[in-house]
Amino acid sequence: MSAPEVSPELLAIIVCPSCKGELTLSTTDGAQELTCGGCGLIYPVRDGIPVLLVDEAHKPA
């Protein structure tokens, strides 16, 4: 069974809580993530729900 997807409607309205930049959905190692085009922070997606907490985000390796 695959993980739930983030809806396109939700992706259209959410922004990075740190810099208000646009978020792009990607899949890394089978896990979905949202990457900010502005500041570069990467936010996790758990069970199809974006976790838009700066404390939960990380910078790319």
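A quick note: this is a predicted structure, and the numbers were derived from the prediction, not measured. (Residues numbered from 1 in each chain as written. Predicted model: local features only at pLDDT ≥ 70, side-chain atom pairs only at ≥ 80, totals over all residues. Heavy atoms only, no water.)

*Asks:* With reference to specific residues and values, describe the state of the cysteines.
*Replies:* Taken as a whole and judged by the stated rule, the model has zero disulfides. Sulfur of Cys16: no disulfide; nearest cysteine sulfur belongs to Cys39 and is 3.7 Å away. Judged by relative accessible area, Cys16 falls into the buried class, the value being 0%. The thiol of Cys19 is unpaired, and the distance to the nearest cysteine sulfur, on Cys36, comes to 3.4 Å. (Disulfide = S-S within 2.5 Å. Buried < 20%, exposed > 50% of the residue type's maximum accessible area, 1.4 Å probe, protein only.)

*Asks:* If you had to explain the pattern of salt bridges to someone new, which residues and values would you point to?
*Replies:* Applying the stated criterion across every chain, the model contains one salt bridge. Salt-bridge contacts for Glu56 lead to Arg46; the nearest nitrogen and oxygen are separated by 2.8 Å. Taken together, the residues Glu56 in the segment after β4 (49–50) and Arg46 in strand β3 (residues 42–46) connect sequence positions ten residues apart. (Salt bridge = Lys/Arg side-chain N within 4 Å of Asp/Glu carboxyl O. Helix = DSSP H or I, 4+ residues; strand = E, 2+ residues; numbered from the N terminus.)

*Asks:* With reference to specific residues and values, describe the nonpolar core.
*Replies:* Formed by Val6, Ile14, Cys16, Leu23, Leu34, Cys36, Leu41, Tyr43, Val45 and Ala57, the largest nonpolar core amounts to ten residues. Sorting the residues of this core by element identifies β2 (31–36) and β3 as the ones contributing at least two each. Leave out the neighbours within four places in its chain, and Leu41 touches Ser18, Leu34, Thr35, Cys36, Val54, Ala57, His58 and Lys59. (Core = buried A, V, L, I, M, F, W, Y, C linked by side-chain atoms within 4.5 Å. Contact = heavy atoms within 4.5 Å.)

*Asks:* Would you mind going over the sheet that holds strand β1 (residues 23–28) in detail, with residue names and values included?
*Replies:* Pairing is antiparallel across the open sheet formed by four strands, whose spatial order is β1-β2-β3-β4. The sheet terminates laterally at β1 and β4, the two strands that pair on one side only. Taken together, the two bridges between β3 and β4 define a ladder with antiparallel strand orientation. The residue bridging Val45 from the neighbouring strand is Pro50, located in β4. (Pairing = 2+ DSSP bridges.)

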